[in-house]
Amino acid sequence: MKWISVAESNYPWEREALAFVRVGLPNHEPYRDWSNFEFIAEDGSINEVDLLVFGPMGFFLIEIKSRPGRLTGDAGTWFWEHDGRVVTTDNPLLAANSKAKKLKSLLARRRAFKTEGPPPFIEALVFCSAPDLRFELTGTAAFSVCVRDQPSGTRPGIRRAITERACPGITHSPRGRHDRPMAKLLDKAMEEAGIRSSIRSRRVIDFDLRKVIGEGPGYQDWAAAHASIPRRLRRVRLDHLRIAFSREPQIHDVQQ
């Protein structure tokens, strides 16, 4: 297996989750893994990726979520309950799926694939990595969402999703080639695409961009803090032509 840590994560829970996946994957061709990188898509958006894994059973973009406690919700909205507090988020699979489509489009235009046909389809997965998580998603809300692999677990874990496609919502067979020649083409295409280490904080004028909190055609919304008032967060919208600022309620939780 070729494990490419483009950058080390700043978060201990994310480093632990990456290590958990890594030690459970086969150590042979054609497996490839890239972690903690970002790419600029053809629409100009900045996209951060926690983990990208290629193997005989698929090509997976994996979003890591490490909140502990109890997880409930539906296909659109998740509720994380811990220590008497409930945090509401969008289902992260939606954003991960968007990144997967953008990355495949970017790789397909690289020189490595000009004569070899398109790269394989990239499937989005969400890995809920907290060891003591009470996972209570059901139905479509649980599609393409993985927990930790456990010998007595009733739900297949992230390792089995990658190596056996054992996860609700994943089709029986992968789409595209998944062999050693394809792995080498992906190595070249990733280099040609300008993949670089993930930058968790960027400066736009006097605002430090923390994380993407929303996006749509031609724009991204970021949670951002003014350099002189770091605890007060605002929404910053980036698009192709301008940067617009708008006052929003303070955003407290920025854990990935």
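It should be noted that the structure appears before, not after, this text.
Since this is a predicted model, take the numbers as computed values, not measurements.

**Some details on the packing of aromatic side chains**
Next, step 1: Scanning all chains against the criterion turns up four aromatic pairs.
Next, step 2: Judged by centre distance (5.5 Å) and plane angle (85°), the ring pair of Phe 54 and Phe 59 falls under edge-to-face.
Next, step 3: A cation over an aromatic ring shows up here: Arg 148 above the ring of Phe 20, its NZ or CZ 4.3 Å from the ring centre.
Next, step 4: Between Arg 159 and the ring centre of Phe 20, over which it is positioned, the NZ or CZ distance is 3.8 Å.

**Describing helix α4 (residues 180-192)**
Next, step 1: Taking 1.5 Å of rise per residue, 13 residues should cover 18 Å, and α4 covers 19 Å from first to last C-alpha, within 8% of that figure.
Next, step 2: Buried within α4 are the following residues: Met 182, Ala 183, Leu 185, Leu 186, Asp 187, Ala 189 and Met 190.
Next, step 3: Considering only its buried residues, α4 is in contact with β1 (2-5), β2 (32-40), β3 (46-55), β4 (58-65) and α2 (92-108).
Next, step 4: Between the side-chain oxygen at the start of α4 and the backbone nitrogen of Met 182 there is a gap of 3.0 Å, and the oxygen is on Asp 179.
Next, step 5: Two residues or fewer past α4, Gly 194 is found with a positive phi of approximately 75°.

**Brief notes about the side chain of Arg 32**
Next, step 1: Summarising the element assignment, Arg 32 is placed in strand β2.
Next, step 2: On the basis of relative accessible area, Arg 32 is assigned to the buried category, the value being 4%.
Next, step 3: One polar contact links Arg 32 to Asp 187, side chain to side chain, over a distance of 2.9 Å.
Next, step 4: Excluding residues within four positions of it along the chain, Arg 32 makes contact with Lys 2, Leu 52, Val 53, Phe 54, Ala 183, Lys 184 and Asp 187.

**A few points about the pattern of salt bridges**
Next, step 1: Applying the stated criterion across every chain, the model contains 15 salt bridges.
Next, step 2: Taking the shortest distance from any N to any O, the salt bridge between Lys 65 and Glu 63 comes out at 3.7 Å.
Next, step 3: Using a relative accessible area of 8% as the deciding quantity, one classes Glu 63 as buried.
Next, step 4: The salt bridge partner of Arg 134 is Glu 136, with a shortest N-O separation of 3.2 Å.
Next, step 5: Beyond isolated ion pairs, a larger network of salt bridges with shared partners links Glu 29, Arg 32, Arg 180 and Asp 187.

**Structural notes on the nonpolar core**
Next, step 1: Residues Phe 37, Leu 52 and Leu 107 are the most contacted members of the largest nonpolar core, which totals 41 residues.
Next, step 2: For this core, the secondary-structure elements that each account for two or more residues are β2, β3, β4, β6 (77-82), α2, β8 (123-128) and α4.
Next, step 3: Apart from the residues lying within four places of it in its own chain, the contact partners of Leu 52 are Arg 32, Asp 33, Trp 34, Phe 37, Phe 59, Phe 60, Leu 61, Leu 103, Ile 122 and Met 190.
Next, step 4: Judged by nonpolar contacts, the second largest core, of 20 residues, contains Leu 18, Val 53, Ile 62 and Phe 127.

**Considering helix α1 (residues 12-23)**
Next, step 1: With twelve residues, α1 should reach 16 Å at 1.5 Å per residue; the first-to-last C-alpha distance of 17 Å fits that figure.
Next, step 2: Every buried residue of α1 is accounted for by Glu 14, Ala 17, Leu 18, Phe 20 and Val 21. Each buried residue of α1 sits inside an arc of 155° when the element is viewed along its axis, so together they form one side.
Next, step 3: Elements in contact with the buried residues of α1: β1, β2, β3, β4, β8 and α3 (158-164).

**Re the sheet that holds strand β9 (residues 134-135)**
Next, step 1: Spatial ordering of the open sheet is given by β7-β6-β5-β9, a layout of four strands whose pairing is mixed. Both outer strands of the open sheet, β7 (85-90) and β9, are each paired with one neighbouring strand and no more.

Rules and cut-offs
- Residues numbered from 1 in each chain as written.
- Predicted model: local features only at pLDDT ≥ 70, side-chain atom pairs only at ≥ 80, totals over all residues.
- Heavy atoms only, no water.
- Phe/Tyr/Trp six-rings, centres within 6.5 Å; stacked < 30°, edge-to-face > 60°.
- Lys NZ or Arg CZ within 6 Å of the ring centre and 35° of its normal.
- Helix = DSSP H or I, 4+ residues; strand = E, 2+ residues; numbered from the N terminus.
- Expected span 1.5 Å × (residues − 1).
- Buried < 20%, exposed > 50% of the residue type's maximum accessible area, 1.4 Å probe, protein only.
- Contact = heavy atoms within 4.5 Å.
- Polar contact = N/O pair within 3.5 Å; in protein donor to acceptor, adjacent residues only side chain to side chain.
- Salt bridge = Lys/Arg side-chain N within 4 Å of Asp/Glu carboxyl O.
- Core = buried A, V, L, I, M, F, W, Y, C linked by side-chain atoms within 4.5 Å.
- Arc of directions from axis to C-beta.
- Pairing = 2+ DSSP bridges.

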